[in-house]
Each structure stands twice: as structure tokens, then as C-alpha cells.
Amino acid sequence: MSEPYDYLIIGAGIIGLTIAREIKSRFPEKRVAIIEKESDVAFHASGRNSGVLHAGFYYTANSLKAKFTQEGNKALRNYCKENDLKVNYCGKLVVATNEEELKGLEELKRRAEITGVELHWMDETEVARVDPNARTYRKALYSPSTATVDPIEVCQAMKKENEQNGVVFYFNTKYETYREGMVFTNHKSFQCAYVINAAGLYADKIAHDFGFGQKYTIIPFKGIYLKYAKNKTAIRTNIYPVPNLNNPFLGVHFTKTVDGSIKIGPTAIPALWRENYTGIKNFRLKEFISILYYEFKLFITNSFHFRRLAFEEMKKYVKAHFVRLSLKLVKNIDERDFGSFIRPGIRAQLLNKENLELVQDFIIEGDDRSIHVLNAVSPAFTCSIPFSKYVVDSIVEKQGGLER
């Protein structure tokens, strides 16, 4: 039997949840369902990210990321306050290790000024007041609006709100194919006027079934963390290095989690299949061959300096090396006080197959039957509420401005 819906969303991560929430807020009479191949919400990137609410100063002014991060930070803070969810208002320091990295700080400050994000210069004395353990060369940048939340707690709250608003969830329900207004899954079929693809690691595969995203493929990158086991007091704030702005990764940094714990990470290790979390679990030969093919091409062409990235990231599997990278950012932490690796995440990073470049911004494609969120990488969690409004605006426009 088929179930009829006005809008069928594929994927119960933060993007699928906020899109459902936005649709029901505008059109409460519409029938909305979310299908999810896992047994609950936020099983993948949405529940495995650092929980940092970013401020928005990393991104170029004309990007969707710059447009939505500052607004999204405020929106999620307000959401957490309204729903009595935990927030750690700990801020963030971006520190330098040498004269060359000061130029990177200057570029971040310039971007912040263009986009209107609050970001302050601090000398070494001022840095010590924010966090006595932070180490910097001459000066640093401080972001007071950066905070941390529990991403699973946020997603569970949105699940509950959506259920109260009439959204129907189908868990353990895996998308298989689409034909003539019907979505077929491993359990049942769904008749739907409009399909919204928010499937994260598999968004490109599903988009291809609808004729979209043909020039893109997902290349997964594994993010692993180490927890500081000795105490929760050694670090007061998030401490980040100056990033390489030519790629979308921010480097190994200290995160102050919502409960006050301290962790370092993440890595950006090229993964060999899409859910390559640990061991050979979830291994899929076809995925392995396809991803290895594109990673080999990236290695040969050395696009965006992929060789150096791959070598540097693989070395982070060695705990001692991983910890030593983080010690550049602080004054007094003993590397022997770090515990074991904690639950990893996978970044669903979109690759343009034509120019072999990583896509830096959010990408959506669609028509009057479907829309596909092809690239919703960090800071997608922070951006999720305003980004979902943008997606729903696009849906209404593609449906001719008339809600069917």
C-alpha cells in the first residue's frame, strides 16, 4: 500500500528536521512525512558533529554560508532557550603560531567586518584573561557569539516538535528508487506531490535518480576526536588554529563541549566508503571502488593539494602525533592526560567531478517535483534554521508560487 503525502523528506538529520518544521509552520494543513533508514534521528553527521554554533567569520561575503551562519547562530540559541536545552556560551579564540599566520587572522577579521560578525582583536594579555592556557603569537581573534550545544538533544527536540505538528516519521525505512510520483523504500511505497532530498552522505545518489547533481559526487572525510580525560578545567573556551582557507577544514582544535568537557579534533581523513566509521562495518564494495577512483584522481592531479592533505591527515591516526598538533595552541597540557578516541563522524563533502575541486558552499538543485540538498557540510548545523527557510522558499518558487 502507498501512503500519500504533500511533501516527503528523505533523511532525519538536522536539515530534514528543520525543513519539515519550516513547511509545517507555513502550511500546517499539508501532509508531511520523513523517511529515515536508521532507527532514530541524527544517526550520522547531525549527531556526530562537535556541537559548535559557529559565528560566521570564516566564509566569503557572497556565500550562502556567510549569509546563514550569523542568523543561524542566533536562531539556534533562541531555540535552545525556548525549549530549555543546554548551551555553553564559551566563545572561541583563533590563535596564531607565527608571523605568517597573523596574515590569516587579518583575513578572517576582514571577512567578519564585511559580513557584520562580531570579532575582536586581542593581544596576549587579553587572551590570557579569556583563557590562561591559550597560547598565541602576539595577538588572536575572539568570537564571543560562538557557543556549544548537544546536537542530539537539539535534534530530538525538533523531532518531538515535528511530531506534535503532525509530521509522520518512518524509521528503518530506506529509500530505494523513484518512479512517476512514487518513492519506493525497503518497506512501503509513498505517493508524494513533492520530494525533498536531505539524505546527507547519500544525497548525490538520490539526486541522480531525479536527474540532478550529475556533475557531483560525495567524497567522505572522517573526523575523529580525542577526549581530555584529566579534568574539565584545563581549557575555558574553544581554541582554534588559523585555517587554510583554500579548503573547508578548520584544523585540529580544542572544543569546550556543552557539559564543559574538553576534546581535540576533528581530523579530515579521506574515508574509503561513506559510512567508514570503524573497521569494515558498513563496507560496500561499489562505494569503495567509486570513492577510491576519485581519490586516486585527486592524488594524481594533486587538486587542492590533496596529496599533502591525505598524508597529513592519515598521520593523525597516531595518537601521539594528533595530540602534539593540539599542543601548539595551549601552554600547559600533558599529552599523557588524553583518553581514547571517541565516536567519529563522516563529513559528506561534495566534489565537482569536472574540475576536481571540493565544493565550498551549500548547493541545492531541483524543479517542481523535487529538491535536493547536495552539499550541507559544516556549518550546516549552525545554519539549519535559516537555510531551511531558503530551501522552502525555493520549493514554493519552483512550484509556481502556489502551495499545492
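It should be emphasised that the depicted structure is a prediction, and the values quoted were computed from it without experimental measurement.

**Considerations on the overall build of the protein**
And then number 1: When you go through the protein residue by residue, the secondary structure sums to eleven helices and 21 strands.
And then number 2: For a compact globule of 404 residues, the expected C-alpha radius of gyration is about 22 Å, and the protein comes in at 21 Å, within 12% of that figure.
And then number 3: Along the first, second and third principal axes, the C-alpha atoms of the protein reach 65 × 50 × 40 Å.
And then number 4: Carbon and sulfur atoms make up 51% of the accessible area of the protein, which amounts to about 17,200 Å² in all.
And then number 5: For the protein, the distance from the average site of its 57 positive side-chain charges to the average site of its 47 negative ones is 4 Å.

**Digging into the environment of Gly251**
And then number 1: Among the secondary structure elements, Gly251 is positioned in the loop between strand E14 (238–241) and strand E15 (253–256).
And then number 2: Exposure remark for Gly251: the relative accessible area of 29% places this residue in the partly exposed category.
And then number 3: When the C-alpha atoms of Gly251 and Thr267 are compared, they prove to be 7.1 Å apart, with 16 residues separating the residues in sequence.
And then number 4: Excluding its chain neighbours within four sequence positions, the residues that come into contact with Gly251 are Pro241, Gly265 and Pro266.

**Considerations on the side chain of Lys109**
And then number 1: With respect to the secondary-structure elements, Lys109 resides in helix H4 (residues 99–115).
And then number 2: Residue class for Lys109 comes out buried when judged on its relative accessible area of 14%.
And then number 3: In this structure, Lys109 is in contact with Leu119, Trp121 and Leu141, ignoring residues within four places of it in sequence.

**Details of the nonpolar core**
And then number 1: Within the largest apolar cluster, 48 residues are counted, with the highest numbers of intra-cluster contacts made by Ile19, Val154, Ile196 and Phe387.
And then number 2: Examining the composition of this core, we find that nine residues originate from one element, helix H11 (residues 380–398), more than from any other.
And then number 3: Dropping the residues within four chain positions of it, Ile19 is found in contact with Ile9, Ile196, Val373, Ser388, Val391 and Val392.
And then number 4: Core analysis: the second largest hydrophobic core is formed by 29 residues, Tyr5, Val183, Ala271 and Leu350 among them.

**A look at the sheet that holds strand E3 (residues 52–53)**
And then number 1: One open sheet holds the three strands; their spatial order is E3-E8-E4, and the pairing between them is antiparallel. Across the chains shown, the open sheet's two edge strands, defined by having one partner strand only, are E3 and strand E4 (87–88).
And then number 2: Bridging between E3 and strand E8 (residues 147–149) involves two bridges; their strand directions are antiparallel. The residue of E8 that forms the bridge with Val52 is Thr148.

**Side note on the pairing of strand E21 (residues 370–375)**
And then number 1: Most of E21 is tucked away, with six of its six residues classed as buried.
And then number 2: Two strands pair when backbone bridges link them, and strand E12 (residues 189–197) and E21 are joined in this way by three bridges, in the parallel orientation. Looking across to E21, one finds that Asn197 is bridged to His372.
And then number 3: In this structure, strand E20 (residues 363–366) lies alongside E21, joined through four bridges in antiparallel fashion. Looking across to E21, one finds that Glu365 is bridged to His372.

**Some remarks on the packing of aromatic side chains**
And then number 1: Tallying each qualifying case throughout the model produces 20 aromatic pairs.
And then number 2: A cation sits over an aromatic face here: Arg31 above Tyr5, 4.5 Å from the ring centre.
And then number 3: Lying across the ring of Phe184, Arg179 places its NZ or CZ 4.4 Å from the centre.

**Let's talk about the side chain of Thr69**
And then number 1: With respect to the helices, strands and loops of the structure, Thr69 is situated in helix H3 (residues 64–82).
And then number 2: Reaching out from Thr69, the side chain makes a polar contact with the backbone oxygen of Lys65 at a distance of 2.5 Å.
And then number 3: In contact with Thr69, other than residues within four places in its own chain, are His54, Ala55, Gly56, Tyr59, Pro379, Thr382 and Cys383.

**Looking at the pattern of salt bridges**
And then number 1: Inspection of the entire model under this criterion finds 20 salt bridges.
And then number 2: As a salt-bridge pair, Arg26 and Glu22 come within 2.7 Å of each other at their nearest N and O atoms. Of this pair, Arg26 and Glu22 both sit in helix H1 (residues 14–26), separated by four residues, roughly a single helical turn.
And then number 3: Linking Arg111 and Glu107 is a salt bridge whose minimum nitrogen-to-oxygen distance equals 2.8 Å. A residue pair is termed a helical-turn pair when its members lie 3 or 4 positions apart in one helix, as Arg111 and Glu107 do in helix H4 at four residues.
And then number 4: Judged by its relative accessible area of 22%, Glu107 falls in the partly exposed class.
And then number 5: Each of Glu22, Arg26 and Asp393 takes part in salt bridges that share partners, so that together they form one network.

**Comments concerning the packing of helix H8 (residues 285–301) against helix H9 (residues 306–314)**
And then number 1: Their axes nearest at 7 Å, the elements H8 and H9 cross at an angle of 115°. Relative to H9, H8 is oriented roughly perpendicular. Each of Glu295, Leu298, Phe299 and Ile300 in H8 lies in contact with H9, whose residues at this interface are Phe306, Arg307 and Phe311.

**Points about unusual backbone geometry**
And then number 1: Cis geometry marks the peptide bond from Gly265 to Pro266; its omega dihedral reads -10°.
And then number 2: Positionally, Pro266 belongs in the loop between strand E16 (262–265) and strand E17 (269–270).
And then number 3: Phi is positive for Asp84, close to 55°, though the residue is something other than glycine.
And then number 4: Mapped onto the elements of the fold, Asp84 is located in the loop between H3 and E4.
And then number 5: Unlike most non-glycine residues, Asn302 shows phi in positive territory, near 55°.

**With respect to the environment of Val195**
And then number 1: Position of Val195 among the secondary structure elements: in strand E12.
And then number 2: Val195 sits 15 residues away from Phe210 along the chain, and the two C-alpha atoms are 9.9 Å apart.
And then number 3: Apart from residues no more than four positions distant in its own chain, Val195 is found in contact with Leu8, Ile10, Tyr178, Val183, Phe210, Arg369, Ser370 and Ile371.

Cut-off values and rules
What you see as residue numbers is a count from 1 along each chain, following the sequence as written. Local features in this predicted model are restricted to residues whose pLDDT is 70 or higher, and side-chain atom pairs enter the listing and the counts only when it is 80 or higher, whereas totals over whole chains, interfaces and linings include all residues. Side-chain calculation: all heavy atoms of the structure are included, whereas hydrogens and water are not. Put simply, DSSP H or I for four residues or longer makes a helix, DSSP E for two residues or longer makes a strand, and each gets a number counted from the N terminus. In this setup the radius of gyration rests on C-alpha atoms only. A globule is expected at 2.2 Å times the number of residues raised to 0.38. All accessible areas in this document rest on Shrake-Rupley with a 1.4 Å probe, and a residue is counted as covered only by the protein chains that are shown. His is not counted, nor are the chain ends, whereas Lys and Arg count as positive and Asp and Glu as negative. Every charge is mapped to an atom, namely NZ of Lys, CZ of Arg, CG of Asp or CD of Glu. Here the term buried applies to any residue with accessible area under 20% of the maximum for its type, exposed to any over 50%, and partly exposed to those in between, with areas from a 1.4 Å probe on protein chains only. Residue contacts follow a heavy-atom distance rule, with two residues in contact if any of their heavy atoms lie within 4.5 Å. Residues belong to a common nonpolar core when they are buried Ala, Val, Leu, Ile, Met, Phe, Trp, Tyr or Cys residues joined through side-chain atoms within 4.5 Å. The pairing criterion for strands is at least two bridges between them, as found by DSSP. Stacked, edge-to-face and tilted labels apply to pairs of Phe, Tyr and Trp rings (six-membered ring for Trp) whose centres lie within 6.5 Å, assigned for plane angles under 30 degrees, over 60, and everything in between, in that order. Remark: a charge is flagged as sitting over a ring if the NZ atom of Lys or the CZ atom of Arg is within 6 Å of the ring centre and within 35 degrees of the ring normal. Each polar contact in these results corresponds to two N or O atoms within 3.5 Å; when the atoms are within protein, one needs to be able to donate a hydrogen and the other to accept it, and residues that are neighboring in sequence are counted only if both atoms are side-chain atoms. For this document, the term salt bridge refers to a Lys or Arg side-chain nitrogen within 4 Å of an Asp or Glu carboxyl oxygen. Every angle, taken between N-to-C directions, lies between 0 and 180 degrees, and every axis is a line fitted to C-alpha atoms, over only the stretch in contact when it is a helix. The scheme is simple: roughly parallel for angles under 35 degrees, roughly antiparallel for over 145, roughly perpendicular for 65 to 115, oblique for anything else.

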